[in-house]
Amino acid sequence: MPDGGPFRVGLLGHGTVGAAFARLMKERADAIEAEVGRRAELSGVLTRSRGDFADILERSDLIVELMGGLDPTRDYVLRAMAAGRHVVTANKQLLSQHGEEVFDAARRGQVQLRFEGAVAGVVPAIRVMSETLAAAHIERVHGIVNGTTNYILSQMTATGATYAEALREAQGMGYAEADPTEDVTGKDAAAKMAILARLAFNAAVRLDEVSYEGIERITPDDIAYAKDLGLSLKLVGSAERIDGAVAVHVYPAFLYADHPLASVNGAFNAVTIESPAITEITLSGPGAGGVQTASAVLGDVVSAMIPPPSLPPPAVPQRIVTDTEFSFYLHLEVADRPGVLAQVAEILGMQGVSIKSVVQKGLGDEARLVMVMHPVLESSFRAAVDLIARLDFVREAPRVIRVIEETFD
Ligand SMILES: NC(=O)c1ccc[n+]([C@@H]2O[C@H](COP(=O)([O-])OP(=O)(O)OC[C@H]3O[C@@H](n4cnc5c(N)ncnc54)[C@H](OP(=O)(O)O)[C@@H]3O)[C@@H](O)[C@H]2O)c1
C-alpha cells in the first residue's frame, strides 16, 4: 500500500448502507484527512449492474463490503484479504456462518477485518468488547440487537396493539422489511449474538449453535399481565459462560423495570456486558438505518487507515451448551375450580421448579393463572409444562416466556 497518496476504498454494494456510506465518506473526506493525514477516496463501486470486482480490487487499499448475503460475498472477501487488502463489512450472515474462515484469511493476509456495523448498527459494541474490554473476563452479554422487534414490542406495550397491527405499523415506518421473517423469528438477532459470543468468549460459535425464538406468538395479554408483575417484554439475546461452556440464546424475555435493557424502546439497540472487573456496561443507540450503519462502517475505515491491525485471537475449543437455567413466566387458561393451583404447583414441584410469584384472575367459569418461577433448568421446566398441558382443567396450550432477573445496583 503506497503511503502518502490517497487511501483507496473499493465499495461492494450501493444499496441502503452502501449509498449512504459513499455519500458520508465524500462529506467527511476533509475531516478524515485532517485526522489521519491521508485522504479516503472511492476507487470503484460494484453492484449487480456496474463495476468489476477484480478491477476494483486491483485499484483499492481496502474493500468495504455492503452487498450482504454469502454468495458471492464470501468469495470476494476471501480474495480481497488473500490479495492483502483490508476489509470492512457489516455482514452478520457472513461472520456468523463463516467467521473462522474469514478471521483466518485476515490473519494469513496480515490485513485488518473490521465489522462494527454488523452488530447493533452504530452502537460500538464490537470496538468496546475487542479493545476497551480486551483484558476483562466477560461473563455474560445481554443484547437487544434487533430494532424491528424492539419497535414492535414497544408499540404493543405502549398502545395495546396486537403483534400483526404493530408489525404493519413498523413496515409503514420503514422499521420492518416487506418480508420480516429474519427479524421476527429471532434469526437476525441470533447471528449477531454469535458474533458477540465470538468476541466475548473467544469461542467459535456458529449461527446453527444458537437457539432462537421469535416474537410472533406474543399477545397483548402477555404484555398486560406482565405489567401486573412489574415486567417489560423484550427480544433478548444472551451469551454466557456456564460451567466452562458457552451458551447463546435469543428469546422474548420479561425484564424487571430496573434492568438496564428494560428502558430501551423503539428501534434502539443496546448491549449489556458483564464482567467481574467492570460490573456492567450498557451501550445503546440506533440499531440500524443506512446513515447510522454507514457511520459505523466509515469509523472502521478510518481505524483501518491507522495501523496496527486489531483481530480477535484464534478461537479456542469450547463446549457449547443449550440446556441452561432460566426464570420462566407461565400463563395458563384454566377452569375455575378448587385445587387447580395446588395441582399445578405440585407438578412444578416434582420437577424441581419453585414459584416466585402468582397472579390469578377469575373470568366467569374460567380463570387465568400467571406465574413467575425461580431459575430452573429449561428441560425440567419444559417437562413440567408438558405434564400441566395434559391436565383436564387446562383450556389452552400454556404460554411460556423467559424472565431476566438481574439488576445492577
Ligand atoms: N440496512 C440496514 O439498516 C443495515 C444495518 C446493519 C447492517 N446491514 C448490512 O449491510 C449490508 C447491506 O445492506 P443493505 O440494506 O444496504 O442492502 P441493499 O440495500 O439490499 O443493497 C445491497 C447492494 O449490494 C448489491 N449486490 C447484491 N448482490 C450483489 C452481487 N451478487 N453482485 C454485485 N452487487 C450485489 C446490490 O446491487 P443492486 O443495486 O444492483 O441491486 C445493492 O447495491 C448487509 O450485509 C446488511 O445485513 C444493513
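Colleague: Looking at this structure, I do not really get the overall build of the chain. What am I missing?
Modeller: Secondary structure summary: the chain contains 14 helices and 17 strands in total. Compactness check: the chain gives a C-alpha radius of gyration of 24 Å against a globular reference of 22 Å for 409 residues, within 12% of the reference. Principal-axis analysis of the C-alpha atoms gives the chain an extent of 80 × 45 × 40 Å. Counting every position in the chain, which comprises 409 residues, the buried fraction comes to 53%. Partitioning the intrachain contacts of the chain with sequence separation of at least 6 by distance along the chain shows that 75% fall at a separation of at least 24.

Colleague: What is the right way to read the environment of Ala-253 from this model?
Modeller: If you trace the backbone, Ala-253 turns up in strand β9 (residues 245-256). Ala-253 sits in the buried class, given a relative accessible area of 0%. Placed 21 residues apart in sequence, Ala-253 and Ser-232 show a C-alpha to C-alpha distance of 8.1 Å. Not counting residues up to four positions away in its chain, the partners in contact with Ala-253 are Ser-232, Leu-233, Lys-234, Val-236, Ile-401, Arg-402 and Ile-404.

Colleague: When you look at unusual backbone geometry in this model, what are you seeing that I'm missing?
Modeller: The general pattern is negative phi for most residues beyond glycine and trans for most peptide bonds. Note that the residue after Asp-71, namely Pro-72, is joined by a cis bond; omega there is 10 degrees. On the secondary structure map, Pro-72 appears in the loop between β3 (62-65) and α4 (73-82). Here the phi dihedral of Asp-243 falls at roughly 45 degrees; this positive angle occurs in a residue that is not glycine. If you trace the backbone, Asp-243 turns up in the loop between β8 (231-242) and β9.

Conventions adopted
- Residues numbered from 1 in each chain as written.
- Predicted model: local features only at pLDDT ≥ 70, side-chain atom pairs only at ≥ 80, totals over all residues.
- Heavy atoms only, no water.
- Helix = DSSP H or I, 4+ residues; strand = E, 2+ residues; numbered from the N terminus.
- Rg over C-alpha atoms; globule rule 2.2 N^0.38 Å.
- Buried < 20%, exposed > 50% of the residue type's maximum accessible area, 1.4 Å probe, protein only.
- Contact = heavy atoms within 4.5 Å.

By themselves these figures say nothing about function.
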